[in-house]
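# Coordinates in review
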Amino acid sequence: MKQTLILLYGGRSAEREVSVLSAESVMRAVNYDKFLVKTYFITQAGDFIKTQEFTSQPAAAEKLMTNQTVVVSQKIQPSAIYEENAVVFPVLHGPMGEDGSIQGFLEVLKMPYVGTNILSSSVAMDKITTKRVLESAGVPQVAYTVYIEGEDLEAKITETATKLTYPVFVKPANMGSSVGISKAENDEELHTSIALALKYDSRILIEQGVVAREIEVGILGNQDVKTTLPGEVVKDVAFYDYDAKYIDNKITMDIPAKIDEAIMEQMRTYANQAFRALGGCGLSRCDFFLTEDGQIYLNELNTMPGFTQWSMYPLLWENMGLSYSDLIETLVDLAQEMFDKRESHLI
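What comes next concerns the included structure. Because the structure is a prediction, the values reported are computed rather than measured.

The rules we used
Residues numbered from 1 in each chain as written. Predicted model: local features only at pLDDT ≥ 70, side-chain atom pairs only at ≥ 80, totals over all residues. Heavy atoms only, no water. Helix = DSSP H or I, 4+ residues; strand = E, 2+ residues; numbered from the N terminus. Rg over C-alpha atoms; globule rule 2.2 N^0.38 Å. Contact = heavy atoms within 4.5 Å. Areas by Shrake-Rupley, 256 points an atom, 1.4 Å probe, with all protein chains shown as cover. Lys, Arg positive; Asp, Glu negative; His and termini not counted. Charge placed at Lys NZ, Arg CZ, Asp CG, Glu CD. Pairing = 2+ DSSP bridges. Axes fitted to C-alpha atoms, helices over the stretch in contact; angles between N-to-C directions. Expected span 1.5 Å × (residues − 1). Buried < 20%, exposed > 50% of the residue type's maximum accessible area, 1.4 Å probe, protein only. Core = buried A, V, L, I, M, F, W, Y, C linked by side-chain atoms within 4.5 Å. Salt bridge = Lys/Arg side-chain N within 4 Å of Asp/Glu carboxyl O. Polar contact = N/O pair within 3.5 Å; in protein donor to acceptor, adjacent residues only side chain to side chain. Patch = residues over 30% accessible without salt bridge, like charges linked within 9 Å, V, L, I, M, F, W, Y side chains within 5 Å. Phe/Tyr/Trp six-rings, centres within 6.5 Å; stacked < 30°, edge-to-face > 60°. Disulfide = S-S within 2.5 Å.

### Considerations on the overall build of the protein
Looking only at helices and strands, the protein features ten helices and 15 strands. Against the globule reference of 20 Å for 347 residues, the protein gives a C-alpha radius of gyration of 20 Å, in line with a compact fold. Dimensions of the protein, computed from C-alpha atoms along their principal axes, come out at roughly 65 × 50 × 45 Å. Excluding contacts between residues fewer than 6 apart, the proportion of contacts in the protein whose partners are at least 24 apart in sequence is 68%. Total accessible area on the protein stands at roughly 15,000 Å², and carbon and sulfur atoms take up 51% of it. The centroid of the 30 positive side-chain charges in the protein is displaced by 3 Å from the centroid of its 48 negative side-chain charges.

Structure, rendered in structure tokens:
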């Protein structure tokens, strides 16, 4: 009997378009000898819409529903996605998808789901909390200060100018995909950058700018955590913003990265340490900065990395000999394993 795989995609965050691309890649790559795929679209407004079901490989022209093509009459109650023995793949990026909220919803529904649990999803989504947890676990971080809405802004700007050196990067704590992030070269620009970031979150991370390469490690597993050889995003653009990342596609990748073997091993060790410190399970992509003088800093853990066939995470695993289709199957197995484990803990 085929296993039902439920793809939840779309969502309320600014990364909803990436989610559609990721879900379409998954629906095309699934092994239909083993799986039946059902798809549900979460609109920008947060409504759940029942979309296509696939029993075999969809046609190349087949597209999933988006906010532009939404069929409102197919709206359902969120809990109506429930199905016994199905596994959910929440191919959702950013807030309301990767931050523990959908994970909590699926746990209340008693459904197995792909990816990290409530705690590690929400901690990893908050850049400030991640830094604090990883600091305590001895994983190196770029120097930073924190501004929380309502605090004395002038005092924070003075503190930042004392502790860090310009340029600094200003980031909303809870946004993914470079949304709301900007660079500040002086106190005046820092004011403007904080104002921009406050549109997206009330907790703001101000981080030391570093001249560094961006190196990424894939993580897969529950108790038995495996890591990939690192890959590098080779940029064609000075600042890796949302448009460069997803719209203009002005990036190429080196897999494996052209770096020293000892640095590779160190990054894989830190990735494993970080994943465990955050209570991770299933998957994550660990993003590092590597400076010219060989310093390694962990930038973030992405608990639902871009999942298209040309995204870094699946390509890192392909380089390790695990195909995209087999990766999906492994993630479903890990989801079921974690579900059984969670249920067994409810003594």
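### Describing the sheet that holds strand 3 (residues 48-54)
Spatial strand order, 4-3-2-1-5: five strands in an open sheet with mixed pairing. Edge positions in the sheet fall to strand 4 (75-76) and strand 5 (87-91), since each has one partner strand and no second. Pairing of strand 3 with strand 4 involves two bridges; the strand directions are antiparallel. Each residue of the ladder has a partner; that of phenylalanine 48, found in strand 4, is isoleucine 76. On top of the sheet, helix 2 (residues 101-108) reaches strand 1 (3-10), strand 2 (35-42), strand 3 and strand 5; it is set at about 165 degrees to strand 5, its chief contact.

### Observations regarding helix 1 (residues 16-29)
For helix 1, spanning 14 residues, the distance from its first C-alpha to its last is 20 Å, which sits close to the expected 20 Å at 1.5 Å a residue. Counting buried residues in helix 1 gives eleven out of 14 residues, a clear majority hidden from the surface.

### Concerning the nonpolar core
The nonpolar side chains of soluble globular proteins are, as a tendency, buried together. Judged by nonpolar contacts, the single largest core of 35 residues is most densely connected at Leu5, Phe89, Val114, Phe307 and Leu331. Only strand 1, helix 1, strand 2, strand 3, strand 5, helix 9 (312-319) and helix 10 (324-345) provide two or more residues apiece to this core. Apart from the residues lying within four places of it in its own chain, the contact partners of phenylalanine 307 are Ser22, Ser25, Val26, Phe89, His93, Leu283, Tyr313, Pro314, Tyr324, Leu327, Ile328 and Leu331. One finds Val123, Ala124, Val225 and Tyr270 within the second-largest nonpolar core, a separate group that totals 24 residues.

### Remarks on the sheet that holds strand 7 (residues 168-172)
Strand order in the open sheet formed by four strands is 6-9-7-8, and the pairing between neighbours is antiparallel. Of all strands in the sheet, those with a lone pairing partner are strand 6 (144-148) and strand 8 (182-184), marking the two edges. Here the strands of the sheet are splayed against their neighbours by 25 degrees on average, with no regard to which way each runs.

### A short note on the pattern of salt bridges
In the structure shown here, the tally under the stated rule is 17 salt bridges. Between lysine 63 and glutamate 24 there is a salt bridge whose closest N-O contact spans 4.0 Å. Placement of the pair is lysine 63 in the loop between strand 3 and strand 4 and glutamate 24 in helix 1, with a sequence separation of 39 residues. By relative accessible area, glutamate 24 is classed as buried at 7%.

### Some points on the side chain of glutamine 141
Mapped onto the fold, glutamine 141 is located in the loop between helix 4 (127-136) and strand 6. Of the polar contacts made by the side chain of glutamine 141, one reaches the backbone oxygen of valine 139; its length is 3.0 Å.

### Quick look at a negative patch on the surface
There is a patch of like negative charges on the surface, built from Glu151, Asp152, Glu154 and Asp187. Within the secondary structure, aspartate 187 is located in helix 6 (residues 187-197).

### Re the packing of aromatic side chains
Under the definition given, this model contains five aromatic pairs. Where tyrosine 9 meets phenylalanine 41, the ring centres are 5.2 Å apart and the plane angle is 40 degrees; that geometry is what we call tilted. Residue tyrosine 9 is located in strand 1, and its partner phenylalanine 41 is located in strand 2; the two are separated by 32 residues in the primary sequence. Look at tyrosine 9 and you get buried, because its relative accessible area is 0%. Seen in terms of ring centroids, phenylalanine 307 and tyrosine 313 are 6.1 Å apart; in terms of plane orientation they differ by 35 degrees. Their pairing is tilted. This pair shows no difference in class: phenylalanine 307 is buried, exactly as tyrosine 313 is. By the ring-pair criterion, three or more aromatic residues cluster together here, those being Phe89, Phe307, Tyr313 and Tyr324.

### Some thoughts on unusual backbone geometry
The omega torsion across tyrosine 166 and proline 167 is 5 degrees, close enough to zero to call that bond cis. Topologically, proline 167 is positioned in the loop between helix 5 (153-163) and strand 7. The phi torsion at lysine 110 lies on the positive side, around 60 degrees, for a residue other than glycine. Relative to the assigned elements, lysine 110 resides in the loop between helix 2 and helix 3 (118-125).

### Quick notes on the state of the cysteines
Counted under the stated rule, the structure contains zero disulfides. The cysteine cysteine 281 is free of any disulfide, with cysteine 286 supplying the nearest cysteine sulfur at 15 Å. In this structure cysteine 286 comes out as buried when scored by relative accessible area, which is 0%.

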